[in-house]
Structures are given as C-alpha cells and as structure tokens.
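# Examining the three-dimensional arrangement
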Amino acid sequence: MLRLLVRYSGLLFLAPLLMLCLSSCAEKVDNSDKDLFDLVNHFKKSGIKIEGAAPLMADTIHAQEAVTITVAKREIGLYKFDSTFKKQRSRVEKIDENGFVYIIGLKVPARVNGSFVMIDADTNPEKDKLIKAFDSFR
C-alpha cells in the first residue's frame, strides 16, 4: 500500500499544476478588430432592448473609447481598449484578474471580454441577458 501511495503521490502533486495551467492557458478572446458599435449591435441581435446610448468619457479608466447604453432604465458602461498598446492591454488584464475597476475612487464591478470591459451590469434587471450577450461577443 505504501509503495502504491509513493508511486502515485507525484500524480497527486501534478494534478493541481495541470489544472492551473489549463485555466491560465485558456484561449483568450481576440475581438480587437471590433468596435463599440459592433458590440451594441450584438446586444440588439441578442434580444436586449437598448433604450438609449450616449458617449462616455473613456479616460476615467484609460480606455480608447466608451459609450453608455440604457437597458431597463439603467445605464451600462461599455469600454473599448486598444490591445496593441502594452499599457492598455495590461490594464484590461488587471481588470479581468481583479473583477473590478476604480472610477473616481469608487470600486466598480467589471466584466472583461477580449478588448472590451462592461460595468454596472451586475445591478441591472437584465443582468443575465447582458452577461450572456457580452460574453458571446467575438
């Protein structure tokens, strides 16, 4: 029994490492060729009723461009980053890792999909539809 345990203990050690690699080596979405107009149209095609849209200051989170859309009478912030710039790519990776972004000193939950970041969807009545549509944007 002891021999068997010693023989397979290496496998028990390698299993968590393999799982870590698989999760971190997962294919990243590359939608950098898309823009916010494409994302908003994707939301519409996904059955989300967009009640309004307006430009948003992208500088607040150091993005390339931003727009706010109104869904279920609540605003959702959508940000596009330029992944060809190392600082913007690093910013998106940090937001993805942390699950939030600071805006004017406030910690705001954020969701990342490739070059895009969505905020304020977590309190929206259409939350599930918004997340499903955002995550499926390629």
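Everything discussed here concerns the structure shown above.
This report concerns the structure included in the present document.

Of the residues making up helix α2 (residues 36–45), those classed as buried are L36, L39, V40, H42 and F43. Looking straight down α2, one finds that the buried residues subtend no more than 155° of arc, so they occupy a single side. Summarising the geometry of α2, the exposed residues directed more than 90 degrees from the buried face are F37 and K45. N-cap assignment for α2: the residue whose side-chain oxygen lies 3.1 Å from the backbone N of F37 is D35. Just downstream of α2 lies G47, where phi reads positive at about 90°.

This part is about the packing of aromatic side chains. Throughout the structure, instances matching the rule amount to two aromatic pairs. Geometrically, the ring pair formed by F100 and Y102 is edge-to-face, given 5.4 Å between the ring centres and 85° between the ring planes. Directly above the ring of F100 sits K107, whose terminal nitrogen or CZ lies 4.3 Å from the centroid.

It is worth spelling out the nonpolar core at this point. With 19 residues, the main nonpolar core has L39, F43, I69, L78 and M118 as its most contacted residues. Those elements that place two or more of their residues in this core are α2, β2 (65–71), β3 (74–80), β6 (116–119) and α4 (127–135). If near-sequence neighbours (up to four positions away) are discounted, L39 is found in contact with L78, F116, F134 and F137. Grouped together as the second largest cluster of nonpolar side chains are 15 residues, I61, Y79, V101 and A110 included.

The computed volume of the second largest pocket comes to approximately 160 Å³. Looking at the second largest pocket, the residues that line it are L56, M57, T60, T68, E75, I76, G77, Y79, I103, V108, I119 and D120. When its residues are assigned to classes, the lining of the second largest pocket shows seven nonpolar, three polar and two charged.

Here G52 shows up in strand β1 (residues 52–55). Take G52: its relative accessible area is 25%, and that puts it in the partly exposed class. Considering only alpha carbons, one finds G52 and K73, 21 residues apart in sequence, at a separation of 9.1 Å. With near-sequence residues (within four places) excluded, G52 lies in contact with T68, I69 and T70.

A word on the pairing of β6. The two faces of the sheet receive side chains in turn, since in a regular strand these alternate between them. Across the two faces of β6 the burial is the same, with F116 and M118 and V117 and I119 all buried. Two elements, β3 and β6, share four bridges in a ladder whose sense is antiparallel. Bridged to L78 within β6 is M118. Pairing between strand β5 (residues 106–113) and β6: four bridges, direction antiparallel. Pairing of R111 across the sheet is with M118, part of β6. Between the antiparallel neighbours β5 and β6 lie two residues, among them G114 with a positive phi of about 60°.

Scoring rules and cut-offs
Residues numbered from 1 in each chain as written. Predicted model: local features only at pLDDT ≥ 70, side-chain atom pairs only at ≥ 80, totals over all residues. Heavy atoms only, no water. Buried < 20%, exposed > 50% of the residue type's maximum accessible area, 1.4 Å probe, protein only. Helix = DSSP H or I, 4+ residues; strand = E, 2+ residues; numbered from the N terminus. Arc of directions from axis to C-beta. Polar contact = N/O pair within 3.5 Å; in protein donor to acceptor, adjacent residues only side chain to side chain. Phe/Tyr/Trp six-rings, centres within 6.5 Å; stacked < 30°, edge-to-face > 60°. Lys NZ or Arg CZ within 6 Å of the ring centre and 35° of its normal. Core = buried A, V, L, I, M, F, W, Y, C linked by side-chain atoms within 4.5 Å. Contact = heavy atoms within 4.5 Å. 1 Å grid on protein atoms, 1.4 Å probe; cavity = no way out; pocket = protein on both sides within 12 Å on 5 of 7 lines; lining within 4 Å. Points joined across faces, edges and corners; volume = space filled by probe spheres on them. Nonpolar A, V, L, I, M, F, W, Y, C, P; charged D, E, K, R; others polar. Pairing = 2+ DSSP bridges.

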